[in-house]
Amino acid sequence: MATRKLTYLGLLILIVIIASLVWINISYISSYIFPPSVKEMRENFSVSITTPSVYVDSVKPQSLCLRFYIKVNVPGYLGNIFLATGAIPLGANPCTYLPPSLSPTHMPYGAVELLNVTVYAENETFKISASIAVVSNGHGVILSRGFNITEIPVVWIMILKDHHIYRLGVIEFVRVGEGLLYLPKIVERC
């Protein structure tokens with residue numbers, strides 16, 4: 001009987017040790033993939049966006065184009081800000097849905113191509129190929145994005161830190177009323 005209790009106690013201790021090691025390993029990997037300094041930047045960045053101009057395509061009346069000025073400031077960050085525009089279906093989650101195309105309709109000066117690059121968000125990673133606008137922290141750029149009525153235009157805000165690209169947040173443009181007024185909204189700091 002005493003041997004059986006010692007066996008159960010040994011198994012219980014072994015399970016606790018294994019569970020602790022797994023938890024420590026998951027915490028380490030999570031903090032490595034999305035380090036605390038990036039989490040702090042994600043929580044503290046600010047965005048200024050003008051109310052976008054909306055244009056209707058005369059050839060395809062279902063196609064629209066947004067044009068807006070955006071400026072992102074990330075306190076304590078000395079690198080460049082990467083901005084990519086896309087469009088997602090109505091009802092899709094902007095934090096988890098990868099737009100089929102993450103490229104502005106008209107390329108701004110200072111745009112670069114990313115090919116098959118991993119972008120880290122806090123709870124997931126994305127493999128993207130995109131044309132992105134690169135601006136200095138605290139400086140702005142004019143972007144535009146084509147989309148249709150059944151889509152929501154979005155902007156991904158990303159930074160480069162320790163040779164990894166991190167997405168700090170997503171902005172979506174929400175349609176107001178029945179007209180062509182779209183207002184920017186930081187969906188999530190995701």
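Criteria and thresholds
- Residues numbered from 1 in each chain as written.
- Predicted model: local features only at pLDDT ≥ 70, side-chain atom pairs only at ≥ 80, totals over all residues.
- Heavy atoms only, no water.
- Helix = DSSP H or I, 4+ residues; strand = E, 2+ residues; numbered from the N terminus.
- Buried < 20%, exposed > 50% of the residue type's maximum accessible area, 1.4 Å probe, protein only.
- Contact = heavy atoms within 4.5 Å.
- Areas by Shrake-Rupley, 256 points an atom, 1.4 Å probe, with all protein chains shown as cover.
- Salt bridge = Lys/Arg side-chain N within 4 Å of Asp/Glu carboxyl O.
- pLDDT = per-residue confidence, 0-100.
- Core = buried A, V, L, I, M, F, W, Y, C linked by side-chain atoms within 4.5 Å.
- Phe/Tyr/Trp six-rings, centres within 6.5 Å; stacked < 30°, edge-to-face > 60°.

J.: In this structure, what is going on with the overall build of the protein chain? I would like to understand it.
T.: Across its full length, the protein chain carries two helices and 10 strands. Its helices and strands in sequence order give the protein chain the pattern α-α-β-β-β-β-β-β-β-β-β-β, from N to C terminus. The burial tally for the protein chain puts 36% of its 190 residues in the buried class. Long-range contacts, defined here as pairs at least 24 residues apart, represent 64% of the contacts in the protein chain between residues at least 6 apart. Summed over all atoms, the accessible surface of the protein chain reaches about 10800 Å², with 60% contributed by carbon and sulfur.

J.: What is the right way to look at the pattern of salt bridges in this model?
T.: Pairing of side chains with opposite charge becomes possible as their charged atoms draw close. Under the definition given, this model contains four salt bridges. Via salt bridges that share partners, Lys39, Arg42, Glu43 and Glu122 belong to a single interconnected network.

J.: Would you explain the environment of Lys127 in this entry?
T.: Take Lys127: it is sitting in strand 6 (residues 125-136). Sequence-distant contacts of Lys127, that is, excluding residues within four places in its chain, are made with Leu98, Asn116, Val117 and Thr118.

J.: Would you mind going over the confidence of the model for the protein chain with me for this structure?
T.: Predicted coordinates in areas of low pLDDT are best not read in detail. Across the protein chain, the average pLDDT comes to 82, with 76% of residues at 70 or higher. Scored below 50 in pLDDT, residues 19-32 shows three contacts in the model against residues more than four places distant or in partner chains.

J.: So what exactly am I meant to see when it comes to the nonpolar core here?
T.: General note: in soluble globular proteins, nonpolar side chains tend to be found buried as a group. Among the nonpolar cores identified, the biggest contains 28 residues, and Ile70, Val72, Val74, Ile81, Leu83, Ile157 and Leu168 are the most heavily contacted of them. Considering each element in turn, this core owes the most residues, five residues, to strand 3 (residues 63-73). When residues no more than four places from it in sequence are discounted, the contact partners of Leu83 are Ile70, Val72, Ile132, Ala133, Val135, Val141, Leu143, Val155, Trp156 and Ile157. Judged by nonpolar contacts, the second largest core, of 20 residues, contains Ala84, Ala121, Val170 and Cys190.

J.: I keep staring at the packing of aromatic side chains and nothing clicks. Help me out?
T.: Think of a pair of aromatic rings as described by two things: how far the centres are apart, and how the planes are tilted against each other in angle. With the rule as written, the count across this model stands at four aromatic pairs. Ring centres of Tyr120 and Tyr166 lie 5.8 Å apart, and the angle between their planes is 40 degrees; on these two criteria the pair is classed as tilted. One end of the pair, Tyr120, is in strand 5 (residues 111-120); the other, Tyr166, is in strand 9 (residues 164-176), with 46 residues separating them in the sequence. The pair Tyr120 / Tyr166 is uniform in exposure class, with both members buried.

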